[in-house]
Amino acid sequence: MAEPVLIWGAGAIGGILGAYWARAGVPVQMVDIVADHAQACSTDGLSIEGPVETFTQTVPCVTPDQLEGRYGRIVLAVKAQATEAALAQLMPHLAEDGFVLSAQNGLNERVIAHAVGAGRTMGAFVNYGADWIGPGRILFGNRGAVVVGEIDGSPRPRTTEMFDLLQIFEPDAVLTDDIWAYLWGKLGYGAMLFATALTHDSMTVNFADPARGPALIGLAREVMRTAVAEGVTPRPFNGFEPSAFLPGSEDAAARQCLADLALFNSTTAKTHTGIYRDLAVRKRKTEVDPQVGAVAQIAAGHGIDTPLLRRLVDLIHDIEDGRREMSQETFHELTRVLG
Ligand SMILES: NC(=O)C1=CN([C@@H]2O[C@H](COP(=O)(O)OP(=O)(O)OC[C@H]3O[C@@H](n4cnc5c(N)ncnc54)[C@H](OP(=O)(O)O)[C@@H]3O)[C@@H](O)[C@H]2O)C=CC1
Ligand SMILES: CC(C)(CO)C(=O)C(=O)O
């Protein structure tokens, strides 16, 4: 029997990968800090629910203190603010010649490379929609882009092996020589997703509202300008067209992109972002600092001002800390930045 793929963080993203791989006969071991979820996955099974597919699959899952052994392939799928703590726990379990693949939003690959070495870090971009509903239950809301690549751009046999595994889950998965192009694309889309979570409205209602367009477009433009300064040319996926937000692009192209994003998100059973879910349902901190805040910081290093991103970070903090309600009025605090 081949060595199991270790999935660190068995929530929405990691749990779905684990269930699909285990169902296909790929040996999988999952790790999660939520003990009753780990117990449910290992015993009654992990139920994948929603419109894409419904099935229940037993997947071995333990809490970090229970894990034994070393693994060559570790998929990290915790929220970005948990990355450093998870790395400290997983490093004793990473084989000398093994690697950590980030299945997360943001630039976690940088943090992972710093901890385990660039040669032991692999990147991935995931845009499928999922929610952890409760112990042993995950909603698979919609299929979305899945891309894998080495952070130095040069595919190796291990990259092809992970690509093959990801195709078991998502037949349209892509093997790329430019993972940063997708990660920065998602940061642009992600900044807009954070803005949608300033209201109680669905992603689609937000993207389709002409009054919210200028702020949404302005956010994506700030991120794309920063990406260009970083030497990255972001790539399109699932309705997000980075060129529509690059310096010199027409407003009409940006508005068309918002319409495409409204359409893409109109059929998902996950109507609201994970950010919204953290704020409104789980009542916990979001990934705003390691995503939006990080881009604003990188931009500042290039001498680029990002007033919308900076205001967005403050507004999300206000909601996290109970100083502000989610509402259209809160959203339009962004519009006010545009003057
Ligand atoms: N959900 C989605 O649709 C999408 C998510 N993403 C990205 O994927 C990443 C994962 O998100 P998602 O799956 O939604 O998050 P979830 O919160 O659903 O899953 C993460 C799981 O990891 C657990 N965890 C936290 N810290 C540790 C640790 N140190 N060791 C082991 N487990 C830990 C969490 O527990 P606890 O809840 O107690 O913290 C939780 O059960 C994020 O970066 C997100 O932005 C990207 C695309 C879509
Ligand atoms: C909305 C989604 C699933 C991207 O489509 C996402 O990344 C999130 O929930 O933050």
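Remember, predicted model here, so these are calculated numbers, not experimental data. (Residues numbered from 1 in each chain as written. Chains lettered and ligands numbered in written order. Predicted model: local features only at pLDDT ≥ 70, side-chain atom pairs only at ≥ 80, totals over all residues.)

**Q** How should I be thinking about the sheet that holds strand β12 (residues 174-175) in this particular structure?
**A** Strand pairing in a sheet relies on backbone hydrogen bonds. The paired strands run either parallel or antiparallel. Strand order in the open sheet formed by eight strands is β5-β2-β1-β6-β7-β8-β11-β12, and the pairing between neighbours is mixed. This sheet does not close on itself; its edge strands, each paired only once, are β5 (61-62) and β12. In terms of strand pairing, strand β1 (residues 5-8) meets strand β2 (residues 28-31) through four bridges, oriented parallel. Paired with isoleucine 7 across the strands is methionine 30, a residue of β2. Its contacts with the sheet place helix α4 (residues 108-116) against β6 (71-76), β7 (94-102) and β8 (121-126), and it is angled at close to 170° to β7. (Pairing = 2+ DSSP bridges. Helix = DSSP H or I, 4+ residues; strand = E, 2+ residues; numbered from the N terminus. Contact = placed C-beta atoms within 7 Å. Axes fitted to C-alpha atoms, helices over the stretch in contact; angles between N-to-C directions.)

**Q** Just to check I follow, could you spell out the confidence of the model for the protein chain for this structure?
**A** Mean pLDDT over the protein chain works out to 98, with 100% of the residues at or above the 70 mark. Predicted complex metrics record ipTM = 0.98 and pTM = 0.98. (pLDDT = per-residue confidence, 0-100.)

**Q** In this structure, what is going on with the site of ligand 2? I would like to understand it.
**A** Surrounding ligand 2, one finds Asn105, Asn127, Gly129, Gly144, Leu193, Thr273, Gly274 and Ile275. Classifying every residue of the shell around ligand 2 by side-chain character gives two nonpolar, six polar and no charged. When residues of the shell around ligand 2 are sorted by domain, at least three fall in each of domain 1 (5-177) and domain 2 (181-337). (Near = placed C-beta within 6 Å. Nonpolar A, V, L, I, M, F, W, Y, C, P; charged D, E, K, R; others polar. Domains from an automatic or database assignment.)

**Q** How should the domain arrangement of the protein chain be read in this particular structure?
**A** It is common to give the size of an interface as the accessible area lost on bringing the parts into contact. Its domain assignment divides the protein chain into domain 1 (5-177) and domain 2 (181-337). A straight line from the C-alpha centre of domain 1 to that of domain 2 covers 25 Å. Each side of the interface is counted separately: domain 1 has 22 residues, and domain 2 has 17 residues. Of all elements in the fold, only β8, β9 (129-134) and β10 (137-142) reach the threshold of two or more residues within the side of domain 1 that touches domain 2. Looking at side-chain class alone, the side of domain 1 that touches domain 2 contains nine nonpolar, 11 polar and two charged residues.

**Q** Explanation requested: the sheet that holds β9 in the structure shown.
**A** Taken in spatial order, the four strands make up an open sheet running β4-β3-β10-β9, and their pairing is mixed. Of all strands in the sheet, those with a lone pairing partner are β4 (55-57) and β9, marking the two edges. Within the sheet, the average angular offset between the axes of one strand and its neighbour, ignoring direction, is 25°. Judged from the three bridges that link them, strand β3 (residues 46-49) and β10 form a sheet pairing that is parallel. Counterpart to serine 47 in the pairing with β10 is arginine 137. Strands β3, β4, β9 and β10 of the sheet are contacted by helix α1 (residues 12-23), whose axis makes an angle of about 95° with β9.

**Q** What exactly am I supposed to notice about the UniProt feature "domain: Ketopantoate reductase N-terminal" (unreviewed entry) in the protein chain here?
**A** The feature "domain: Ketopantoate reductase N-terminal" (unreviewed entry), as annotated in UniProt, sits at residues 5-152 in this numbering. Along residues 5-152 one finds 25% helix and 37% strand; the C-alpha atoms at either end are 22 Å apart. (UniProt positions renumbered as here; feature names shortened; annotations may be inferred.)

**Q** Where do I start with the environment of leucine 90 in this structure?
**A** Examined against the element boundaries, leucine 90 turns out to sit in helix α3 (residues 83-90). Each C-alpha atom of the pair leucine 90 and aspartate 178 lies 26 Å from the other, and the pair is 88 residues apart in sequence. Those residues in contact with leucine 90 that sit more than four places away from it in its chain are Trp8 and Ile74.

**Q** For this particular structure, what's the right way to read the site of ligand 1?
**A** Taken together, 28 residues form the shell around ligand 1, and within it Gly9, Gly11, Ile13, Gln104 and Asn105 come nearest. Among the elements of the structure, α1, α3 and β9 are those that each provide at least two residues to the shell around ligand 1. Its residues assigned to classes, the shell around ligand 1 comprises 16 nonpolar, nine polar and three charged.

**Q** Is there a simple way to think about the packing of helix α6 (residues 179-196) against helix α8 (residues 213-229) in this case?
**A** Two packed helices can be described by the angle between their axes and the distance between those axes. Two elements in contact, α6 and α8, have axes whose closest approach is 9 Å; the angle formed by their N-to-C orientations is 155°. The angle between α6 and α8 falls in the class roughly antiparallel. The interaxial crossing formed by α6 with α8 has right-handed handedness. Contacts between α6 and α8 pair Trp184, Leu187, Gly188, Ala191, Met192 and Ala195 from the former with Ala215, Leu216, Leu219, Ala220, Val223, Met224 and Ala227 from the latter. (Parallel < 35°, antiparallel > 145°, perpendicular 65-115°, else oblique. Left-handed = near helix turned anticlockwise from the far one by under 90°.)

**Q** Help me understand the pairing of β2, please; the structure alone is not making it clear to me.
**A** Walk down a regular strand and you will see the side chains alternate between the two sheet faces. The side-chain alternation of β2 yields two buried faces, one formed by Val28 and Met30 and the other by Gln29 and Val31. As a crossover connection, the stretch from β1 through α1 into β2 is right-handed. Judged from the two bridges that link them, β2 and β5 form a sheet pairing that is parallel. By the bridge assignment for β5, methionine 30 is matched with cysteine 61. (Buried ≥ 20, exposed ≤ 12 C-beta atoms within 10 Å, placed from the backbone. Right-handed = clockwise from strand over helix to strand, strands pointing away.)

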